[in-house]
Amino acid sequence: MIIIKIDTEIELKQIELSDSKAIFETIDSQREYLGKWLPFVEFTKEVSDTPRCRTNPIVWLHF
């Protein structure tokens, strides 16, 4: 996996299935705010919905 360090607190990496819970928790805790701009938020109702972003990000954008 390639990791690009931006600074001491930020890094970019390809998401993995193991990231699903953290991604879901972030979406869930910021649902109202993120939902204004990201149409997939409405359809991400449980952790099992999250892996779709990894396997097919286009699905998240075109519900």
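Preceding this paragraph is the structure being described.
S.K.: What's the story with a nonpolar patch on the surface in this structure? I'm lost.
M.R.: Together, Ile2, Ile4, Ile6, Ile10 and Leu12 make up a nonpolar patch on the protein surface, roughly 500 Å² of accessible area in all. Position of Leu12 relative to the elements: it lies in strand S2 (residues 11-13).

S.K.: Just to check I follow, could you spell out the environment of Ser20 for this structure?
M.R.: Along the polypeptide, Ser20 turns up in helix H1 (residues 20-29). Remark: the alpha-carbon pair of Ser20 and Asp49, spanning 29 residues in sequence, is separated by 8.6 Å.

S.K.: Hey, could you run me through the side chain of Thr44 in this one?
M.R.: With respect to the secondary-structure elements, Thr44 resides in the loop between helix H2 (31-35) and helix H3 (52-55). Under the relative-accessibility criterion, Thr44 is labelled buried at 0%. Separated by 2.9 Å, the side chain of Thr44 and the backbone oxygen of Phe40 make a polar contact.

What counts and what doesn't
- Residues numbered from 1 in each chain as written.
- Predicted model: local features only at pLDDT ≥ 70, side-chain atom pairs only at ≥ 80, totals over all residues.
- Heavy atoms only, no water.
- Patch = residues over 30% accessible without salt bridge, like charges linked within 9 Å, V, L, I, M, F, W, Y side chains within 5 Å.
- Areas by Shrake-Rupley, 256 points an atom, 1.4 Å probe, with all protein chains shown as cover.
- Salt bridge = Lys/Arg side-chain N within 4 Å of Asp/Glu carboxyl O.
- Helix = DSSP H or I, 4+ residues; strand = E, 2+ residues; numbered from the N terminus.
- Buried < 20%, exposed > 50% of the residue type's maximum accessible area, 1.4 Å probe, protein only.
- Polar contact = N/O pair within 3.5 Å; in protein donor to acceptor, adjacent residues only side chain to side chain.

Everything listed here is a matter of coordinates, which is why it stays silent on function.
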